[in-house]
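Descriptive analysis of the structure
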Amino acid sequence: MLDAALWFAFGCFALAQLLCLYRVVRAPGFSDRVLALDTMTINMIALITLFGIQRGSGFYFEATMLFAMVGFVSTVAFAKFILRGDIIE
């Protein structure tokens, strides 16, 4: 039963990834693209976590923490670039 639920979740998050990728390509503004990239980061974190649950390994959970930190820093950098036009002052 857990295996079927994991495969269903894989499918849902993969579909969400594809929809976010479409939004990155076809978004009307730069801020919409940044938001779609941030959502793609969250979906990728979920996919890696599900893969770790499926494999039964704790290594993937550490990888998701690193991925989350990099995603947060990149989102903050993009937001700062949108507001001020410069990342480093």
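Residues numbered from 1 in each chain as written. Predicted model: local features only at pLDDT ≥ 70, side-chain atom pairs only at ≥ 80, totals over all residues. Heavy atoms only, no water.

The name given to the chain in an unreviewed UniProt entry is K+/H+ antiporter subunit F, and the organism recorded there is Paracoccus niistensis. The record held by UniProt for the chain lists under Sequence similarities (unreviewed entry) the comment "Belongs to the CPA3 antiporters (TC 2.A.63) subunit F family." Per UniProt, the comment on the chain under Subcellular location (unreviewed entry) is "Cell membrane". (UniProt positions renumbered as here; feature names shortened; annotations may be inferred.)

Below, the discussion takes up the overall build of the chain. Helices and strands together make up the secondary structure of the chain, namely three helices and zero strands. Along the chain, helices (α) and strands (β) appear in the sequence α-α-α when read from the amino end. What you see for the chain is a C-alpha radius of gyration of 15 Å, clearly larger than the 12 Å of a compact globule of 89 residues, by over 25%. In terms of principal-axis extent, the alpha carbons of the chain reach across some 50 × 30 × 10 Å. Sequence separation of at least 24 residues holds for 48% of the intrachain contacts in the chain that already meet a minimum separation of 6. A total of about 6,400 Å² of accessible surface is found on the chain, and carbon and sulfur atoms cover 74% of it. Seen as two clouds, the 6 positive and the 6 negative side-chain charges of the chain have centres 8 Å apart. (Helix = DSSP H or I, 4+ residues; strand = E, 2+ residues; numbered from the N terminus. Rg over C-alpha atoms; globule rule 2.2 N^0.38 Å. Contact = heavy atoms within 4.5 Å. Areas by Shrake-Rupley, 256 points an atom, 1.4 Å probe, with all protein chains shown as cover. Lys, Arg positive; Asp, Glu negative; His and termini not counted. Charge placed at Lys NZ, Arg CZ, Asp CG, Glu CD.)

On to the UniProt feature "transmembrane region" (unreviewed entry) in the chain, then. UniProt records the feature "transmembrane region" (unreviewed entry) for residues 6–25, 34–53 and 59–83 in the present numbering. With 100% helix and 0% strand, residues 6–25 has end C-alpha atoms that lie 29 Å from one another. Regarding residues 59–83, the helix share stands at 100% and the strand share at 0%, and the terminal C-alpha atoms are separated by 37 Å.

The next point concerns the confidence of the model for the chain. Mean pLDDT over the chain stands at 91; residues scoring 70 or higher make up 99%. The weakest mean pLDDT in the chain belongs to helix H3 (residues 59–84) at 90; the strongest belongs to helix H1 (residues 2–26) at 95. (pLDDT = per-residue confidence, 0-100.)

What follows deals with the nonpolar core. One finds Leu 6, Ala 9, Phe 10, Leu 47 and Leu 50 forming the largest nonpolar core, which totals five residues. When contributions to this core are tallied by element, the ones reaching two or more residues are H1 and helix H2 (30–55). Per-element tally for this core: the top contributor is H1, with three residues. Residues in contact with Phe 10, not counting those within four places in the same chain, are Leu 47, Leu 50, Phe 51 and Gln 54. (Core = buried A, V, L, I, M, F, W, Y, C linked by side-chain atoms within 4.5 Å. Buried < 20%, exposed > 50% of the residue type's maximum accessible area, 1.4 Å probe, protein only.)

All chains considered together, the criterion is met by five aromatic pairs. Relative to Phe 10, the ring of Trp 7 lies with its centre 5.4 Å away and its plane at 55 degrees, an arrangement referred to as tilted. Within this pair, Trp 7 and its partner Phe 10 are both found in helix H1, separated by three residues, close to a single helical turn. A relative accessible area of 13% means that Phe 10 is categorised as buried. Measuring from centroid to centroid gives 5.8 Å for Phe 59 and Tyr 60, while their planes differ by 70 degrees, and the two rings are edge-to-face. (Phe/Tyr/Trp six-rings, centres within 6.5 Å; stacked < 30°, edge-to-face > 60°.)

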